[in-house]
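Next come the chains, spelled out residue by residue.
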Amino acid sequence: MLAYRHAFHAGNHADVLKHLVLDQVLRYMTAKDKPFRYIDTHAGAGGYLLKGAQAQKKAEYREGINRLWSRPDLPPAVADYVHLAQRFNLPQAQPGEPPPQLEKGMTPPLALYPGSPSLARMLMRPGDSMRLFELHPSDARTLAAHFGGRHVQVINEDGFAGLKGQVPPNPRRALVLMDPSYEVVSDYGKVVASMRDAVQRFPEGVYIIWYPHLARIESQQLPKRLISLAPKGWLHVRLTVAQTDSQGFGLAGSGLVVINPPYTLHETLQGVMPWLVDVLAQYEGASYLIEEQPA
Ligand SMILES: C[S@@+](CC[C@H](N)C(=O)[O-])C[C@H]1O[C@@H](n2cnc3c(N)ncnc32)[C@H](O)[C@@H]1O
């Protein structure tokens with residue numbers, strides 16, 4: 001029984017970090033002519049209505065994307081991501097019309113937040129392809145209704161187990177996003193097992209794994225366990241914006257491990273993270289960490 005619904009959290013500080021990094025890696029992948037596959041093992045619903053009851057419950061986006069939305073001082077990499085999210089808020093093109101573009105200086109009201117499959121779709125080229133796993137039946141239905149076409153498959157199955165059948169893809173070029181809900185503690189072990197298998201099958205793949213920054217031991221140990229799987233290069237970035245409560249509960253922040261990161265990512269994040277800490281901080285001790293082993 002899946003209780004987690006991403007709509008409750010859409011656009012929060014963790015989505016900001018994850019989608020900023022995803023955007024940078026996608027842009028790197030699309031800078032080369034060769035087509036690639038985007039594999040999202042935990043795709044969510046693809047897009048979220050921020051005025052909807054679920055997103056409004058705690059309105060987490062107010063301390064996330066909302067803090068960036070209208071700022072005139074976005075660093076270039078942050079602007080890339082925010083402008084994509086803004087494009088997602090433009091009226092959709094009719095069939096046969098070109099996709100909407102953001103005009104200079106235009107900031108649409110923040111009403112919708114794009115999930116990872118939508119961000120990927122906005123950057124991918126006609127020859128690229130997508131595999132989207134989503135286990136929750138209603139989110140999988142929403143995805144299937146919005147993501148169709150010859151190069152896209154929405155798969156209403158377990159993404160941990162399903163990744164095995166997807167790697168290596170043909171041609172051998174892919175970006176895998178693994179973004180579980182960690183609703184059950186066994187997810188931590190599944191992330192490691194699934195990644196170990198995928199990296200052995202397809203060592204040259206690019207993998208982004210998201211994790212919540214919590215007081216629990218499994219969350220603290222996960223980055224090291226993932227880094228130990230990387231055959232060549234890796235990057236680890238973490239953003240801490242809040243304090244856990246007196247009993248150690250609550251989301252302090254989040255992190256990402258990128259296996260085989262673009263060589264440009266470390267420098268880009270070094271330029272961006274201090275700014276992001278300032279803008280997203282919910283307490284004075286907000287901080288970031290970046291570590292890497294280049295290939
Ligand atoms: C954090 S959300 C994904 C958010 C999405 N990647 C994004 O960035 O917009 C995690 C999703 O995984 C789904 N899920 C949970 N367990 C799963 C599993 N074993 N396989 C595939 N999807 C799963 C949940 O229903 C939820 O929609």
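Check the entry above for the structure.
Residues numbered from 1 in each chain as written. Predicted model: local features only at pLDDT ≥ 70, side-chain atom pairs only at ≥ 80, totals over all residues. Heavy atoms only, no water.

(A) Examining the overall build of the protein chain more closely. Scanning the protein chain from terminus to terminus reveals ten helices and ten strands. In terms of overall dimensions, the protein chain is globule-like: its C-alpha atoms have a radius of gyration of 18 Å, near the 19 Å expected for 295 residues. If you line up the protein chain on its principal axes, its C-alpha atoms span 50 × 45 × 40 Å. Of all 295 residues assigned to the protein chain, the portion counted as buried reaches 53%. Contacts in the protein chain between residues at least 24 apart in sequence constitute 75% of all its contacts with a sequence separation of at least 6. Of the roughly 13700 Å² that the protein chain leaves accessible, carbon and sulfur atoms contribute 52%. Within the protein chain, the 27 negative side-chain charges are centred at a point lying 5 Å from the centre of the 30 positive side-chain charges. (Helix = DSSP H or I, 4+ residues; strand = E, 2+ residues; numbered from the N terminus. Rg over C-alpha atoms; globule rule 2.2 N^0.38 Å. Buried < 20%, exposed > 50% of the residue type's maximum accessible area, 1.4 Å probe, protein only. Contact = heavy atoms within 4.5 Å. Areas by Shrake-Rupley, 256 points an atom, 1.4 Å probe, with all protein chains shown as cover. Lys, Arg positive; Asp, Glu negative; His and termini not counted. Charge placed at Lys NZ, Arg CZ, Asp CG, Glu CD.)

(B) Representation of the side chain of D139 in the model. Tracing the backbone shows D139 in helix α6 (residues 137-146). Judged by relative accessible area, which is 9%, D139 ranks as buried. At 2.7 Å, the side chain of D139 forms a polar contact with the side chain of R5. (Polar contact = N/O pair within 3.5 Å; in protein donor to acceptor, adjacent residues only side chain to side chain.)

(C) Region of the structure containing the site of the ligand. Around the ligand, the structure places 21 residues, and the nearest of them are H19, H42, E134, G159 and D179. At 2.8 Å from a nitrogen atom of the ligand is found a main-chain nitrogen or oxygen belonging to H42. Between the ligand and E134 there is a distance of 2.6 Å, counted from an oxygen atom to a side-chain nitrogen or oxygen. Contact with the protein chains hides 97% of the accessible area of the ligand, taken as 610 Å² for the molecule alone. Elements supplying a minimum of two residues to the shell around the ligand: α1 (13-30) and α7 (159-162). The residue makeup of the shell around the ligand, split by class, is five nonpolar, nine polar and seven charged. (Near = heavy atom within 4 Å. Nonpolar A, V, L, I, M, F, W, Y, C, P; charged D, E, K, R; others polar.)

(D) Structural context of the sheet that holds strand β6 (residues 174-178). With mixed pairing, the eight strands of this open sheet are ordered in space as β5-β4-β1-β6-β7-β9-β8-β10. Whereas interior strands pair on both sides, the edge strands pair on one side only; in this sheet they are β5 (152-155) and β10 (287-293). Adjacent strand axes in the sheet meet at a mean angle of 10° when their direction is disregarded. Direction of pairing for strand β1 (residues 37-40) relative to strand β4 (residues 129-133): parallel, over a ladder of four bridges. Within β4, the residue paired with I39 across the bridge is R131. This element, helix α9 (residues 217-227), spans β7 (206-213), β8 (234-240), β9 (253-259) and β10 of the sheet and lies at about 165° to β7. Its contacts with the sheet place helix α10 (residues 265-280) against β8, β9 and β10, and it is angled at close to 5° to β8. (Pairing = 2+ DSSP bridges. Axes fitted to C-alpha atoms, helices over the stretch in contact; angles between N-to-C directions.)

(E) View of the nonpolar core. In this structure, Y38, L68, L175 and L276 are the most contacted members of the largest nonpolar core, which totals 92 residues. Setting aside residues up to four positions removed in sequence, L175 forms contacts with L22, V25, L26, M29, F36, R37, Y38, I39, V206 and I208. (Core = buried A, V, L, I, M, F, W, Y, C linked by side-chain atoms within 4.5 Å.)

(F) Focus on the environment of I227. Note that I227 resides in helix α9. For I227, a relative accessible area of 17% gives the class buried. Between the C-alpha atom of I227 and that of V257, which follows or precedes it by 30 residues, the distance is 7.3 Å.

(G) The arrangement of the packing of aromatic side chains in detail. A full pass over the atoms with the stated rule returns three aromatic pairs. Centre to centre, the rings of Y182 and Y188 are 4.7 Å apart; their planes meet at 40°, and the pair counts as tilted. Taken individually, Y182 and Y188 each receive the classification buried, so the pair is uniform in this respect. Ring centres of Y182 and W210 lie 6.0 Å apart, and the angle between their planes is 50°; on these two criteria the pair is classed as tilted. Of this pair, Y182 sits in the loop between β6 and α8 (186-201) while W210 is found in strand β7, placing the two residues 28 residues apart along the sequence. Like W210, Y182 is buried. Through a chain of ring-to-ring contacts, the aromatic side chains of Y182, Y188 and W210 assemble into a single cluster. Its end group placed over the ring of W210, K18 keeps NZ or CZ at 5.7 Å from the ring centre. The ring of F147 has R121 sitting right over it, with the charged end atom 3.9 Å from the ring centre. (Phe/Tyr/Trp six-rings, centres within 6.5 Å; stacked < 30°, edge-to-face > 60°. Lys NZ or Arg CZ within 6 Å of the ring centre and 35° of its normal.)

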